[in-house]
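Examination of the molecular architecture
Single-letter residue listing:
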Amino acid sequence: NRPMPRRSTIHGTKTRDAILRTAADVASVDGLDGLSIGRLATELAMSKSGLFAHFGSKEELQLATIEEARQRYVREVITPAHASGSGVTRLSALCESFLSYIERAVFPGGCFFASAMAEFDSKAPSPVRDRIAQCQDQWMNTLERAAQDARAQGELRPGSDPRQLAFELEAALLSANWYFHLYTDATYLNRARTAVRARLASEATPTGLRLLPPAD
């Protein structure tokens, strides 16, 4: 029989998870550079020494926070969309899942990765910047693969460019995120939905067109 985990280990894991959930929420509003042991200790009513025991450096804390955000993004955006089907159906669902994730305030500051990109895009290369770029590339690859599948299934035109389509869809989604939060106006989410459907319809075959949600 495998030994039961020690209670102190289980408690330590739960504490670390709680720290990272809070850290991801804080970073979505104040940025990853806004994270500090002191700030999180105040938020969580913990001692600095107790919190520091889980993370040996600010960079380690930032990288762990990015991974927490990535896992939350997968749960809230990618997994539900993948359950919807494949091809055009999945591509449309990925975009809708992203807009729903914004609307439901999964992160209080909007899309964690949109905020992180804006914060680090002009900074010197670093492990934190590189990890943000990797996560964003994974998302773009997810959109691109769905578009490739849709083309292979005859739902998009044979000449459709999956990477270009993914880029244009992402542009609409990011714009919706920023305008929605700047103006606190859900109209911008609906504008993005209209833009996404129109862009997909422009590339769709008659088969793919029937799979798109109805236009408003």
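Here, every reference points to the structure presented above.
Described below are features of the structure shown in this document. (Residues numbered from 1 in each chain as written. Predicted model: local features only at pLDDT ≥ 70, side-chain atom pairs only at ≥ 80, totals over all residues. Heavy atoms only, no water.)

Considerations on the overall build of the chain
Where we set the bar: We count a stretch as a helix when DSSP gives it H or I for four or more residues in a row; a strand needs E for two or more, and each element gets its number in order from the N terminus. In what follows, residue pairs with any heavy atoms lying within 4.5 Å of each other are defined as contacts. In short, Shrake-Rupley with a 1.4 Å probe defines the accessible areas, and a residue's cover is counted only from the protein chains shown. We count Lys and Arg on the positive side and Asp and Glu on the negative side, and we leave His and both chain ends out. All charge positions are set by atom: Lys at NZ, Arg at CZ, Asp at CG, Glu at CD.
If you tally the helices and strands in the chain, you get 10 helices and 0 strands. Sequence-ordered secondary structure for the chain, helices as α and strands as β, is α-α-α-α-α-α-α-α-α-α. Referenced to the eigenvectors of the C-alpha coordinate spread, the extents of the chain come out at roughly 60 × 50 × 30 Å. In the chain, 66% of the contacts between residues at least 6 apart in sequence involve partners at least 24 apart. For the chain, the computed accessible surface area is about 11,300 Å², with 54% contributed by carbon and sulfur atoms. Both charge centroids of the chain, one from 26 positive and one from 25 negative side chains, sit 6 Å from each other.

Things to note about unusual backbone geometry
Cut-off, in case you're wondering: Each residue gets one of three labels from its accessible area relative to the maximum for its type: buried under 20%, exposed over 50%, partly exposed in between, using a 1.4 Å probe on protein chains only.
Here the phi dihedral of Ala105 falls at roughly 55°; this positive angle occurs in a residue that is not glycine. Following the sequence through the fold, Ala105 ends up in the loop between α5 (87-103) and α6 (112-120). Ala105 sits in the partly exposed class, given a relative accessible area of 45%. Despite not being glycine, Thr184 shows a phi value in the positive range, around 50°. In this structure, Thr184 sits in the loop between α8 (162-183) and α9 (187-203).

Quick word on the state of the cysteines
Counted only if it meets this: What counts as a disulfide here is a pair of cysteine sulfur atoms lying within 2.5 Å.
Enumeration over the complete set of coordinates arrives at 0 disulfides. We note that Cys95 lacks a disulfide partner, and the nearest cysteine sulfur, in Cys111, lies 13 Å from it. On the basis of relative accessibility, which here comes to 1%, the residue Cys95 falls in the buried class. Cysteine Cys111 shares no disulfide, and the gap to the nearest cysteine sulfur, in Cys135, comes to 11 Å.

A few points about the nonpolar core
Worth spelling out the cut-off: Only buried residues count toward a nonpolar core, which is a set of Ala, Val, Leu, Ile, Met, Phe, Trp, Tyr and Cys residues joined through side-chain atoms within 4.5 Å.
Counting 61 residues, the largest nonpolar core has Leu32, Tyr73, Phe98, Tyr101, Phe112 and Trp139 as the members making the most contacts within it. Mapped onto this core, the elements with two or more residues apiece are α1 (7-30), α2 (37-44), α4 (58-82), α5, α6, α7 (127-152), α8 and α9.

So, the packing of α4 against α5
Rules: Axes here mean lines fitted to C-alpha atoms, for a helix over just the part in contact, with angles spanning 0 to 180 degrees between N-to-C directions. We call two directions roughly parallel when the angle between them is under 35 degrees, roughly antiparallel when it is over 145, roughly perpendicular when it lies between 65 and 115, and oblique otherwise. Left-handed is the label given to a crossing in which the near helix is rotated counterclockwise from the far helix by less than a right angle, and right-handed is the label when the rotation is clockwise. As a working rule, the residues Ala, Val, Leu, Ile, Met, Phe, Trp, Tyr, Cys and Pro are called nonpolar, Asp, Glu, Lys and Arg charged, and the rest polar, with Gly in that last group.
At their nearest, the axes of α4 and α5 sit 8 Å apart, and the two run at 150° to each other. Our classification of the angle between α4 and α5 gives roughly antiparallel. For the crossing formed where α4 meets α5, the hand is right-handed. Facing α4, whose interface residues are Tyr73, Glu76, Val77, Ile78, Pro80, Ala81 and His82, α5 presents Arg90, Ala93, Leu94, Ser97, Phe98 and Tyr101. Taken together, the residues of the contact of α4 with α5 break down into 9 nonpolar, 2 polar and 2 charged.

Concerning α9
Using the following cut-off: Helix span is expected to be 1.5 Å times the residue number reduced by one.
Taking 1.5 Å per residue, 17 residues should reach 24 Å; α9 reaches 25 Å between its end C-alpha atoms and fits that length. In this structure, the buried side of α9 is in contact with α5 and α8.

Some remarks on the packing of aromatic side chains
Definition in use: Centres within 6.5 Å are what make two rings of Phe, Tyr or Trp a pair, Trp counting through its six-membered ring; a difference in plane orientation under 30 degrees is then read as stacked, over 60 as edge-to-face, and the rest as tilted. Throughout this description, the term charge over a ring refers to an Arg CZ or Lys NZ atom that lies within 6 Å of the ring centre and within 35 degrees of the ring normal.
Summed over all chains, the structure comprises 12 aromatic pairs. Site record: aromatic cluster; members linked through ring pairs are Tyr73, Phe98, Tyr101, Phe107, Phe112, Phe113 and Trp139. Above the face of the Phe120 ring, Lys123 is positioned so that its terminal group lies 4.6 Å from the ring centre.

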